[in-house]
Amino acid sequence: MNILVVNAGSSSLKYQLIDTDTDTLYAKGICERIGGEGSLIEHKQIVKGLKVKKESPMKDHAEAMKLVVEHLTDPEVGCISSMDEIQAIGHRVVHGGTYFSKSILVTDEVIAKLEKCRDFAPLHTVAHLMGIKGCMETMPGKPQALVFDTAFHQTMEPEAYMYALPYEFYEKYGIRRYGMHGTSHRYVSAEMAKILGKPIEETKIVTCHIGNGSSISAVMGGKVMDTSMGFTPLAGVEMGTRCGDIDPAIVPFIMEKENLSTAEVNDLMNKKSGFLGISGFSSDSRDLEAAIADGPSNPKYERANLAVNILKHNIKKYIGAYTALMNGLDAVVFTAGIGENNPHLRELVCEDMEFFGIKFDKAANDAAPHVSENTKISASDSTVAVYVIPTNEELVIAKDTAAFVENM
Ligand code: ADP
């Protein structure tokens, strides 16, 4: 079944066309600067290995969708002959609040509920609504499903998702831990359970999604027991430009000392902290690794090294804490941009973890700097399996969507 996966941002729209019977990715692309000057589409036909990039006016998401369909059905760069060959559309949705604990088919009632999620992720939710509307206009009557980044985390118990603030803030504003990257944690934990070869109900897995944004989850019996991101994606481990967990009292302290507004302090924690804030020069792990590889002669070495070591320290603490919560550990999984492409960080995290049953295989890790398939990096006699599993959120979205159509 051909499913069009759509990830709508406020001025962009990413898409993939996936055949869920064979797990084949036919085409992918992105429309950028929608509603602005110089909007353009970049389209890749994967099977034929073709690529096009061209400027084309798109005043809204509906026009972007029209252009996507034109490219998908183009005799040269396309991969289908008509829109009829797309059975349904699956949307990635960033925040489903407490309204959505699993994927769902779009109806008027669902759209009304999604409107209520605006408070949690205003820009994203508005963009998703525009994407859904754009698909309705371009492909009327085509089934659409929503797959939420927060849904997989909805299995957490109140003791994991509640903050020890006055209870009325939870009731009034829904302030609680929601977690993010749920589709990725769900995919890699399910893959890991398959590799472990035992029923998912019996598995205890820590999944480390480490990219620009990073989150770590304790997945016990196939359900999230805890996760490092919180009410917002700012919580948890150090990230590219986000600070992760800090003493909350630092916020009013800095605001007072630096005379900052709430918007300014928010900006500081989200966009100027993390790798960028500590290193002073980059939010990208590749730049930090290059400075570290140069050694102390590089003036950037010391702080680049500190930035990476803070992340290592954070991840180790989460693995330890989640092992305690689950009362055991079968596997640790690394995924996302850094997890899949930074062997140095994986080594730093996994060394000196014998107490937890982790015996690292340095040679296997070094042999797989950039991982494109599930790769074992723990020794054969390690009690805990450590794997790098490339994430595939789009495939999960496509499969969830296809399941709805099959049951229609
Ligand atoms: P996002 O959270 O924006 O989806 P990604 O998962 O793409 O981010 O992760 C971005 C991070 O992953 C960057 O720090 C980058 O250095 C690193 N990364 C991504 N691809 C590679 C690569 N091929 N080699 C080394 N590092 C990479």
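Look up: the structure comes first, before these words.
Residues numbered from 1 in each chain as written. Predicted model: local features only at pLDDT ≥ 70, side-chain atom pairs only at ≥ 80, totals over all residues. Heavy atoms only, no water.

Trainee: I keep staring at the nonpolar core and nothing clicks. Help me out?
Mentor: Across soluble globular proteins, nonpolar side chains show a tendency to be buried alongside one another. One finds I216, I315 and V332 to be the most contacted residues of the largest nonpolar core, which totals 36 residues. Only β9 (204-210), β10 (214-220), α10 (285-294), α11 (301-326), β12 (331-335), α13 (343-350) and β14 (385-388) provide two or more residues apiece to this core. The element contributing the most residues to this core is α11, with nine residues. Each residue touching V332, except ones within four places of it in the same chain, is listed here: V206, C208, I319, I358, V384, A385, V386 and Y387. (Core = buried A, V, L, I, M, F, W, Y, C linked by side-chain atoms within 4.5 Å. Buried < 20%, exposed > 50% of the residue type's maximum accessible area, 1.4 Å probe, protein only. Helix = DSSP H or I, 4+ residues; strand = E, 2+ residues; numbered from the N terminus. Contact = heavy atoms within 4.5 Å.)

Trainee: Mind showing me how you'd approach the sheet that holds β14 here?
Mentor: One key point about sheets: their strands pair by backbone hydrogen bonds, in either a parallel or an antiparallel sense. Sheet architecture is open: six strands sit in the order β11-β10-β9-β12-β14-β13, paired in mixed fashion. Both edges of this open sheet fall to β11 (223-227) and β13 (375-376), since each of them pairs with a single strand only. (Pairing = 2+ DSSP bridges.)

Trainee: So what exactly am I meant to see when it comes to the pattern of salt bridges here?
Mentor: Should their charged atoms come close, side chains of opposite charge can pair. Tallying each qualifying case throughout the model produces 16 salt bridges. With its nearest N and O atoms 3.7 Å apart, the salt bridge here joins K59 to D60. You can call K59 exposed: its relative accessible area is 60%. Owing to a relative accessible area of 26%, D60 belongs among the partly exposed residues under this scheme. For E347, the salt bridge is made with K362, and the minimal N-O distance between the two is 3.3 Å. Remark: K362 occurs in helix α14 (residues 362-366) and E347 occurs in helix α13; sequence separation between them is 15 residues. The class of E347 is buried, set by a relative accessible area of 18%. (Salt bridge = Lys/Arg side-chain N within 4 Å of Asp/Glu carboxyl O.)

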